[in-house]
Amino acid sequence: MVETVVSVGLPVGEKLNVKKNVIKPMVLTGKEKRVCIVTGTHGDELEGQYVCYELNRLIEEHLEYLTGIVEIYPALNPLGVDSITRGVPGFDLDMNRIFPGGEGISAPEYVAHKIVESIKGADLCIDIHASNIFLREIPQVRVSEGTADRLLPYAKRLNVDYIWVHAAATVLESTLAHSLNTIGVPTLVVEMGVGMRITEGFCHQLVDGIFALMKDLDVWAGEVITPKQPIVSRDREVGFVNAGRPGIFLPCVPHWNDVKKGEMIGRILNPLEGKVEEEVYAPIDGLLFTLREYPVVSPGSLLARVLGGDRS
Ligand SMILES: [Zn+2]
């Protein structure tokens, strides 16, 4: 059943509505666990749209296997999704920097507050992001060092390739995931693919993982896959590659490929003079898990990230 999580009036009579589809088992016992799937916080990240569609479709197709409650929120920032805008249009802010929000502040903060209220008490939340328009990422879960012990058992069942445990310093307290983890809802942040596009294979991989995790939580009783064993970054080095010169970046190796230290991964071109501004090399041996998709670069632009081998 589609429910409205929050509705806020817009200046000229329209409304900002955040909606969720609540899917319940045919017979309720009152003891059901609840899983929330959320996406669309960043309006230019669309991979989650296909994941939501597939989840809805597959659950409805076999409702007899549903033993818990699944809530699907495709667009936490609907104005952003509608207008291909990363942030909240008209307010010039990043929706994922205003959680947990509050009442009596701005409209987006009120929306954030109502979203947190709606998810509160769930047994698990999965927040799906799709990098941005600049970088392509392999399917991964990102967790903070402080929440890793609690979240890793869930993250390892999600059928992703990689779990990036971030140092505490890089954790942003104003994100939805941080707010939910603080109030006791285990929340996994998934990053995969690239902004403004849908990578079908990645979406199917994640949907399979969500079903596997739902089965672990007694929310789903149907057949599920055996999730793949992800690489966990904790004991590994991550090599960053940044542009030294401005120009047009053209990679010469595919994303999600093993590279050797010193191997050329791309070139920065000067279209005005027909020259190569810079040749770009892998900083360490490892897996090219991030690769720049958007060609225009300035000095400092992130071009790639390489995941090194086991340090032990
Ligand atoms: Zn995002």
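Values in this document were obtained by computation on a predicted structure and should not be read as measured data. (Residues numbered from 1 in each chain as written. Predicted model: local features only at pLDDT ≥ 70, side-chain atom pairs only at ≥ 80, totals over all residues. Heavy atoms only, no water.)

Enquirer: Explain helix α1 (residues 47–61) here, please?
Expert: Given 3.6 residues to a turn, an α-helix orients residues that are three or four positions apart in the same direction. With 15 residues, α1 should cover 21 Å at 1.5 Å per step; its first-to-last C-alpha distance of 22 Å lies within 8% of that length. All of the buried residues in α1 are Glu47, Gly48, Tyr50, Val51, Cys52, Glu54, Leu55, Asn56 and Ile59. In this structure, the buried residues of α1 make contact with β2 (15–23), β3 (34–39), β4 (69–73), β5 (124–129), β8 (187–193) and α6 (200–216). (Helix = DSSP H or I, 4+ residues; strand = E, 2+ residues; numbered from the N terminus. Expected span 1.5 Å × (residues − 1). Buried < 20%, exposed > 50% of the residue type's maximum accessible area, 1.4 Å probe, protein only. Contact = heavy atoms within 4.5 Å.)

Enquirer: What should I look at first to understand helix α4 (residues 148–155) in this one?
Expert: Burial in α4 covers these residues: Ala148, Leu151, Leu152 and Ala155. What you see down the axis of α4 is that its buried residues fit within an arc of 115°, all on one side. Against β6 (135–144), β7 (162–166), α5 (176–182), β8 and β9 (231–232) lie the buried residues of α4. (Arc of directions from axis to C-beta.)

Enquirer: Is there a simple way to think about unusual backbone geometry in this case?
Expert: A negative phi angle is the norm for most residues apart from glycine, just as the trans form is the norm for most peptide bonds. Omega for the bond connecting Phe99 with Pro100 falls within 30 degrees of zero, at 5°, which places this linkage in the cis form. Within the secondary structure, Pro100 sits in the loop between α2 (78–82) and α3 (107–119). Not every positive phi belongs to a glycine, and Ile84 is a case in point at roughly 55°. Residue position: Ile84 is located in the loop between α2 and α3. Classification of Ile84 as exposed rests on a relative accessible area of 56%. Phi angles above zero are rare outside glycine, and Met196 is one such case at about 60°. Considering the arrangement of structural elements, one finds Met196 in the loop between β8 and α6.

Enquirer: Before we go on, may I ask you to explain the packing of α1 against α6 in this structure?
Expert: Axes are the key here: two packed helices are described by the angle between their axes and the distance separating the axes. Packing of α1 against α6 brings their axes to within 9 Å, and their N-to-C directions diverge by 50°. Taken as axis vectors, α1 and α6 run oblique relative to one another. Along this stretch, α1 crosses α6, giving a crossing that reads as right-handed. Between α1 and α6, the contacting residues are Glu47, Tyr50, Val51, Glu54, Leu55, Leu58 and Ile59 on the first element and Glu200, Cys203, His204, Leu206, Val207, Ile210, Phe211 and Met214 on the second. (Axes fitted to C-alpha atoms, helices over the stretch in contact; angles between N-to-C directions. Parallel < 35°, antiparallel > 145°, perpendicular 65-115°, else oblique. Left-handed = near helix turned anticlockwise from the far one by under 90°.)

Enquirer: Just to check I follow, could you spell out the coordination of the zinc ion for this structure?
Expert: Each donor-metal-donor angle would ideally measure 109.5 degrees in four-coordinate tetrahedral geometry, or 90 or 180 degrees in six-coordinate octahedral geometry. Protein coordination of the zinc ion is provided by His42 (ND1), Glu45 (OE), Glu45 (OE) and His129 (ND1), with donor distances spanning 2.0 to 2.4 Å. Along the chain, the residues donating to the zinc ion fall in the pattern H-x2-E-x83-H. Overall, His42 belongs to the buried group, its relative accessible area being 6%. (Donors = N, O, S within 2.8 Å, 3.2 Å for Na, K, Ca; no water.)

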